[in-house]
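# Examining the three-dimensional arrangement
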Amino acid sequence: MATMYKNVYFDGKIVDADKAKLSVASSAVLYGLSVYTVFPVHINGDGEKLAFRLQDHYKRLVNSSKIIGINTFVEKWDYASFLDVVKELLASNDVEDDIYVRATVHVDEQIAGTKVRGLKHTLSMFIYDAVPILSPEGCRLKTSLWRRIPDNSIPSRAKVNGAYVNSVLAKQDALDSGYDDCIFLDVQGHVCELSAANIFVVRHGKLITPSNASDLLEGINRNTVIMLAKDMGLEVEERTVDLTELYVADEVFACGTSANISPVLEIDGRTIGSGEVGELTSKIQEEHMQSRHSTNDCHPEWLVSL
Ligand code: PMP
């Protein structure tokens, strides 16, 4: 389990983590009515703190709020004030190693019932150490017996806390069966994503990934991988993906803020490709890490110095 840093931003100020508390009667607690994002901050050799694609994370938080109807957040916050909070939080903690920041918009009106529009919200942000959820050396996946919630029920492109019960069920099912994570299928049986990461398939030298209309979270690292692959001259297809395409793929990998790039070596008891980390996966893994750490200079606009 990751370790949380002591100082937290909660309801307009930096407080001790013990003091950052929501009411048991808030909509966030009663209905899971919060939206969030998690972004990485890398500390380079000069001690500079570099946040990866922060503006995109902020935009996704705004879009999640918009979809769910947390209009008070959309109206009150802009990127500049959000960035100020990130800087304040980082400055208030003694951060020496790479970390993750979790920023959440909680609807904290009390006993408001099952509605959202116009209700009071609170922004919280906390820091924890960057322990990846999947190994960079490889992982084993199991197709989930739970289906991904469809866009017309709880939209996956909104990163809403309550919807993560779906991920918890699927991840636990995979863990109970001795696997590292799950593969979510949609109600028609097509591939969506993992419990908290997107998925890519390599076949005949080409990258294939479920399209953004496949009941998945529009992952920032998914988009990063697509851009890096195109920079490398690779063809990328975003489309509907069948589960059996994964079984016969040359390579499969997962990607996300907390997953980084994790090679998928086995799915449902079937070895993927050679069973070793594939050549393209390895290249993408390296480019991805370098772009997060500003060592390849290919997309300097992705990093924000804090
Ligand atoms: N899908 C889900 C369900 C997730 O929770 C995450 C992690 N945020 C991702 C995909 C990957 O998204 P990102 O690359 O933005 O971290």
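Reading the values: the criteria
Residues numbered from 1 in each chain as written. Predicted model: local features only at pLDDT ≥ 70, side-chain atom pairs only at ≥ 80, totals over all residues. Heavy atoms only, no water. Core = buried A, V, L, I, M, F, W, Y, C linked by side-chain atoms within 4.5 Å. Buried < 20%, exposed > 50% of the residue type's maximum accessible area, 1.4 Å probe, protein only. Helix = DSSP H or I, 4+ residues; strand = E, 2+ residues; numbered from the N terminus. Domains from an automatic or database assignment. Contact = heavy atoms within 4.5 Å. Near = heavy atom within 4 Å. Polar contact = N/O pair within 3.5 Å; in protein donor to acceptor, adjacent residues only side chain to side chain. Areas by Shrake-Rupley, 256 points an atom, 1.4 Å probe, with all protein chains shown as cover. Nonpolar A, V, L, I, M, F, W, Y, C, P; charged D, E, K, R; others polar. Disulfide = S-S within 2.5 Å. Patch = residues over 30% accessible without salt bridge, like charges linked within 9 Å, V, L, I, M, F, W, Y side chains within 5 Å. Salt bridge = Lys/Arg side-chain N within 4 Å of Asp/Glu carboxyl O.

Further remarks concern the nonpolar core. Among the nonpolar cores identified, the biggest contains 40 residues, and L54, F73, F82, V101 and M125 are the most heavily contacted of them. Counting only elements with at least two residues in this core, the list comes to β3 (34-43), α2 (54-68), α4 (79-92), β5 (99-107) and β6 (121-129). Residue contributions to this core peak at seven residues, all from α4. Residue assignment places this core across two domains, with domain 1 (7-129) and domain 2 (139-293) each supplying three or more. If sequence neighbours within four positions are ignored, F73 has contacts with Y58, L61, V62, S65, V105, H121 and L123. L134, I199, L246 and A259 belong to the second-largest nonpolar core, a separate cluster that totals 22 residues.

Take the site of the ligand next. Around the ligand sit 15 residues, and of these R60, Y164, E193, N221 and T257 come closest. Y164 has a polar side-chain atom sitting 2.5 Å from an oxygen atom of the ligand. Protein chains shield 97% of the accessible area of the ligand, which is 390 Å² for the free molecule. For the shell around the ligand, the per-class residue count stands at five nonpolar, six polar and four charged.

Right, let's talk about the state of the cysteines for a bit. Per the stated rule, a full pass over the model turns up zero disulfides. Of the cysteine sulfurs around C139, a residue in no disulfide, the closest is that of C182, at 11 Å. Cysteine C182 is unpaired, with the sulfur of C192 as its nearest cysteine sulfur at 10.0 Å.

Let us look at a nonpolar patch on the surface. Among the surface-exposed residues, L145, W146, V165 and L169 lie close enough to one another that they form a single nonpolar patch of about 380 Å² accessible area. Mapped onto the elements, W146 comes out in the loop between β7 (139-143) and α5 (164-176).

This paragraph deals with the environment of Y247. Relative to the helices and strands, Y247 is located in helix α7 (residues 243-247). According to the relative accessible area criterion, Y247 is buried, its value standing at 19%. The spacing of Y247 and T37 is 210 residues in sequence and 31 Å in space, taken between C-alpha atoms. Contact partners of Y247, with chain neighbours within four places excluded, come to T143, I267, D268, R270, T271 and I272.

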